[in-house]
Amino acid sequence: MSVTTSSAQEDRAAEAVATNQVIVLFGATGDLARRKLLPGMFHLAQVGLMPGGFRIIGAARHPISTDEFRALARESVAGSGRKSRVDEAWEDFGKTLGFVGVGDGFEALGEAVEAARAELGGEADLLFYLSLPPKAAAGAVEEIGKLGLDENARVIIEKPFGTDLASARELNERLHSVFQENRIYRIDHYLGREAVQNLLALRFANGMFEPVWNRNHIDHVQIDIPETLSIEMRGSFYEDTGAFRDMLVTHLFQLLGFVAMEPPTSLEPKPLGLEREKVFDSMLPLRPEDVVRGQYVGYRQEDGVDPSSDTETFIAVKTYVDNWRWEGVPFYLRSGKRMAESHHVLTVAFKQPPRRMFPLDEALIPEGFGRDHLTFELGDPGSISASFLAKVPGATMQLGEAHMQFNYADAFGNNRAALDPYERLIHDVMNGDRTLFTSSDAIERLWEISEPVLESPPHAIPYEPGSWGPEEIDELIAPRRWHLPSDHI
Ligand code: BG6
């Protein structure tokens with residue numbers, strides 16, 4: 001595990017993958033492959049983090065030639081902004097790419113894998129990256145099993161991991177019919193974020209934060225991922241998914257796991273995973289009355305969207321982690337499309353002091369201050385700020401809002417070893433490091449606590465694009481108020 005110290009971070013830069021790999025990328029012509037996966041693997045190769053020998057076989061239902069796939073990959077890399085001088089470095093990388101159509105069966109894939117292995121001298125692990133919807137992913141895994149390609153193989157599955165508890169169980173059963181759990185990597189790119197792992201460092205490498213990280217001192221926690229983006233041409237995917245499944249059951253709950261977990265016995269995959277699972281086990285089932293679903297005005301006119309759709313493009317929930325540390329502390333989670341600003345923010349708000357020693361009549365407290373709090377901007381490279389009350393110089397005890405801010409970029413500069421979250425996670429899989437991946441039990445538990453809302457979802461309330469969501473979210477958090485990311489950043 002390599003999240004602890006800066007020297008460990010530097011070591012990881014030199015840590016190429018030891019075994020040769022044949023990577024089969026399903027959904028190779030799709031959006032994620034073009035935006036993240038192909039550019040990501042190219043970048044890994046450029047910084048020396050791919051194995052000495054590797055081949056990438058693109059697979060998709062509609063066949064294209066290897067030359068066409070290479071051209072698509074090159075265009076993706078050039079358009080990704082990840083690497084400015086593609087030309088010089090492309091030659092070697094391009095040669096590692098091949099393509100197989102699987103629309104009429106998987107036999108050709110088996111042959112392509114064998115050929116790739118032979119080119120690498122016969123010895124190579126297999127990595128299947130399934131950038132596919134859940135049903136198609138389960139089908140692909142079964143075909144992989146039939147071809148006997150599950151030996152020395154790992155498989156990466158993309159979210160959503162099912163659409164409810166029953167489908168998640170079925171998906172897991174189908175995956176387990178071919179692969180053992182320790183060979184399955186459920187990828188959530190939020191866990192590959194540098195800033196998320198920094199949360200571990202902040203909490204467990206310092207003596208300052210952890211003692212107050214509990215119900216005795218913390219009043220509430222807010223995790224906020226507003227996006228200015230719309231659904232971006234993903235109408236039919238989004239119609240079946242919505243913000244609840246797309247963002248809450250995945251990214252937001254996973255972040256909550258890191259925020260709320262107990263100190264693990266070590267930073268090894270097993271204890272870290274166990275502590276996150278214990279958080280999910282302690283979460284109370286969501287109550288429909290603690291959930292606001294919203295839909296931006298104009299969503300129903302997007303391509304691929306039902307004109308009478310009730311799919312939510314915004315979700316806000318109040319939830320509780322019902323354990324010794326967090327009993328009674330509400331966690332407010334929010335995310336939505338076409339909102340006022342884009343951020344990834346965690347706010348930890350503290351309880352008021354037990355006695356009011358200061359003449360705090362309304363006029364003397366800065367408007368809307370709420371409570372002293374820590375704000376973590378989890379975007380890369382990220383920042384941490386503390387907001388608190390301080391005395392305004394002068395004859396009266398006037399209080400003003402004060403801030404202290406720490407920026408990762410200012411402190412550590414541009415870290416050359418830093419990887420994009422997908423790059424980081426793909427590299428971890430090739431090295432067999434499961435630390436930042438989620439088990440089938442954890443996934444099923446998250447669907448289980450979501451069941452009451454999936455069964456009786458409140459109606460999706462319209463909100464104006466460019467806003468902070470439907471007004472009803474104020475009632476959800478009252479008497480507290482939502483911390484707006486732009487207050488601090
Ligand atoms: C994806 C969702 O998983 O995460 C998208 O499907 C969302 O709807 C995206 O926009 C957000 O990721 P990031 O890294 O841009 O915050």
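Not measured: the values here are computed from a predicted model. (Residues numbered from 1 in each chain as written. Predicted model: local features only at pLDDT ≥ 70, side-chain atom pairs only at ≥ 80, totals over all residues. Heavy atoms only, no water.)

A.B. asks: Give me the lowdown on the sheet that holds strand E4 (residues 125-130), citing residues and values where you can.
C.D. replies: Across a sheet, strands are paired by hydrogen bonds formed along the backbone, either parallel or antiparallel in direction. Spatially, six strands are ordered E3-E2-E1-E4-E5-E6 in an open sheet, and the strand pairing comes out parallel. Two strands in the sheet have a free side with no partner beyond their single neighbour: strand E3 (97-101) and strand E6 (184-187). Each strand axis lies, on average, 20° off the axis of its neighbour in the sheet, ignoring direction. Relative to strand E2 (residues 54-60), strand E1 (residues 21-26) runs parallel, the two being bridged by six bridges. Among the inter-strand pairings, Val-22 is bridged to a residue of E2, identified as Arg-55. Along the sheet, helix H7 (residues 165-176) makes contact with strand E5 (153-158) and E6, crossing E6 at roughly 145°. (Pairing = 2+ DSSP bridges. Helix = DSSP H or I, 4+ residues; strand = E, 2+ residues; numbered from the N terminus. Axes fitted to C-alpha atoms, helices over the stretch in contact; angles between N-to-C directions. Contact = heavy atoms within 4.5 Å.)

A.B. asks: Talk me through the site of the ligand; I want residue IDs and the actual numbers.
C.D. replies: Near the ligand, the surroundings consist of Lys-159, His-189, Tyr-190, Arg-193, Glu-227, Arg-234, Asp-246, Met-247, His-251, Lys-337 and His-344. One of the side-chain N or O atoms of Glu-227 is found 2.5 Å from an oxygen atom in the ligand. Side-chain polar atom of Arg-234 to an oxygen atom of the ligand: 2.5 Å apart, as the coordinates give it. Taken by itself the ligand offers 400 Å² of open surface, and the protein chains cover 77% of this. Here the shell around the ligand is composed, by residue class, of two nonpolar, three polar and six charged. (Near = heavy atom within 4 Å. Polar contact = N/O pair within 3.5 Å; in protein donor to acceptor, adjacent residues only side chain to side chain. Areas by Shrake-Rupley, 256 points an atom, 1.4 Å probe, with all protein chains shown as cover. Nonpolar A, V, L, I, M, F, W, Y, C, P; charged D, E, K, R; others polar.)

A.B. asks: Can you tell me about the packing of helix H2 (residues 31-46) against helix H3 (residues 66-80), naming the residues and giving the values?
C.D. replies: The contact between H2 and H3 brings their axes to 8 Å, and the two run at 90°. By the angle class used here, H2 and H3 are roughly perpendicular. Residues Arg-34, Arg-35, Leu-38, Pro-39 and Phe-42 of H2 form the contact with H3, whose participating residues are Phe-69, Leu-72, Ala-73, Ser-76, Val-77 and Ser-80. For the contact of H2 with H3, the class distribution of residues is seven nonpolar, two polar and two charged. (Parallel < 35°, antiparallel > 145°, perpendicular 65-115°, else oblique.)

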